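# Chains, contacts and geometry: an overview
As a plain string of letters, each chain reads:
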Amino acid sequence: LFALQIRLAQRRRQAKVTHDQAELDPAGAMEELRSALPFKLTGAQERVMAEVLEDLRRPEAANRLIHGDVGAGKTVIAALALLAAARAGKQGALMAPTEMLAQQHHRTLTELLGPLGVQPVLLMGSMPAAEKRAIQRDLMTGEIPLAVGTHALFQESVTFRDLAVAVIDEQ
């Protein structure tokens, strides 16, 4: 157990090392998303969004758990982080545990971010092989800024050019 704790502490420290590459600068993403929403954000949503944007500005990797009831606005907050990545010229991914939930997230993000010029793609294991290969190629070249899917997103055959934000939806 001691050896495991040491290795975990080393990995945590290594993840916090500042890299030479620029961190995300999500300037304007919150206002852009807010103006596109068909509803007004609650105070709690505004507070959490500000915290997420602060996480994105830092040079070290962030880990944040956002929890709440159905309809609390977790997907809108995820959309903000994913939009910030796209606006910085980087990539984002949202992974869901089931194909049905991945399809639902894809529809929601298409509605929220599509009008802002960020078109998410859907990647799932049940898709035809040729379609998956085309998406994998476009993820590798960076042509796709946002991918939504199941665990198919994180297979060995999937390589992102510059993944900056990964959102995991766990039930």
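Look up: the structure comes first, before these words.
Here's what I pulled together on the structure shown here. (Residues numbered from 1 in each chain as written. Predicted model: local features only at pLDDT ≥ 70, side-chain atom pairs only at ≥ 80, totals over all residues. Heavy atoms only, no water.)

### Some thoughts on the overall build of the protein chain
- Secondary structure assignment for the protein chain yields six helices and four strands.
- Helices (α) and strands (β) of the protein chain occur, in sequence order from the N terminus, as α-α-α-α-β-α-β-α-β-β.
- The C-alpha radius of gyration computed for the protein chain amounts to 16 Å, which stays within 12% of the reference 16 Å derived for 171 residues, consistent with globular compactness.
- For the protein chain, the C-alpha atoms occupy an extent of roughly 50 × 45 × 35 Å along the three principal directions.
- For the protein chain, buried positions account for 37% of its 171 residues.
- Within the protein chain, contacts between residues separated by at least 24 positions form 71% of all contacts whose residues are at least 6 apart in sequence.
- By element, 53% of the accessible surface of the protein chain is carried by carbon and sulfur atoms, the whole surface being about 10300 Å².
- For the protein chain, the distance from the average site of its 19 positive side-chain charges to the average site of its 20 negative ones is 5 Å. (Helix = DSSP H or I, 4+ residues; strand = E, 2+ residues; numbered from the N terminus. Rg over C-alpha atoms; globule rule 2.2 N^0.38 Å. Buried < 20%, exposed > 50% of the residue type's maximum accessible area, 1.4 Å probe, protein only. Contact = heavy atoms within 4.5 Å. Areas by Shrake-Rupley, 256 points an atom, 1.4 Å probe, with all protein chains shown as cover. Lys, Arg positive; Asp, Glu negative; His and termini not counted. Charge placed at Lys NZ, Arg CZ, Asp CG, Glu CD.)

### What to know about the packing of aromatic side chains
- Under the defined criterion, the tally for this structure stands at one aromatic pair.
- Geometrically, the ring pair formed by F154 and F160 is tilted, given 6.4 Å between the ring centres and 35° between the ring planes.
- Looking at F154, the relative accessible area reads 40%, which means it is partly exposed.
- The exposure class assigned to F160 is buried, which follows from its relative accessible area of 15%. (Phe/Tyr/Trp six-rings, centres within 6.5 Å; stacked < 30°, edge-to-face > 60°.)

### As for helix α5 (residues 99-113)
- If you check α5, its first and last C-alpha atoms are 20 Å apart, about what 15 residues at 1.5 Å a residue would give, namely 21 Å.
- Those residues of α5 hidden inside the fold are in contact with α2 (29-36), α4 (74-87), β1 (91-95), β2 (121-123) and β3 (146-149). (Expected span 1.5 Å × (residues − 1).)

### A short note on helix α6 (residues 129-141)
- With 13 residues, α6 ought to run about 18 Å at 1.5 Å a step, and its terminal C-alpha atoms sit 18 Å apart, in line with that.
- Listed in full, the buried residues belonging to α6 are I135, Q136, D138 and L139. Projection of α6 onto a plane perpendicular to its axis shows the buried side chains occupying an angular sector of 165°, all on one side.
- In this structure, the buried residues of α6 make contact with β1, β2 and β3.
- G142, located one to two residues past α6, shows a positive phi value of around 90°. (Arc of directions from axis to C-beta.)

### Quick notes on the nonpolar core
- Core analysis: the biggest nonpolar cluster contains 48 residues, and L33, M49, L109, L113, L123 and L139 have the highest contact counts within it.
- The biggest single contributor to this core is α4, with 11 residues.
- Look past the residues within four positions of M49 in its chain and what remains in contact with it is M30, L33, L41, V76, I77 and L80. (Core = buried A, V, L, I, M, F, W, Y, C linked by side-chain atoms within 4.5 Å.)

### Section: the sheet that holds β1
- One open sheet holds the four strands; their spatial order is β2-β3-β1-β4, and the pairing between them is parallel. Single-partner strands in this sheet number two, and they are β2 and β4 (163-168). Between one strand and the next, the sheet's axes are offset by a mean angle of 20°, whatever the strand orientation.
- Bridging between β2 and β3 involves three bridges; their strand directions are parallel. In the sheet register, V121 faces β3, and the bridge partner there is A147.
- Of the strands in this sheet, β1, β2 and β3 are in contact with α5, which crosses β3 at around 150°. (Pairing = 2+ DSSP bridges. Axes fitted to C-alpha atoms, helices over the stretch in contact; angles between N-to-C directions.)

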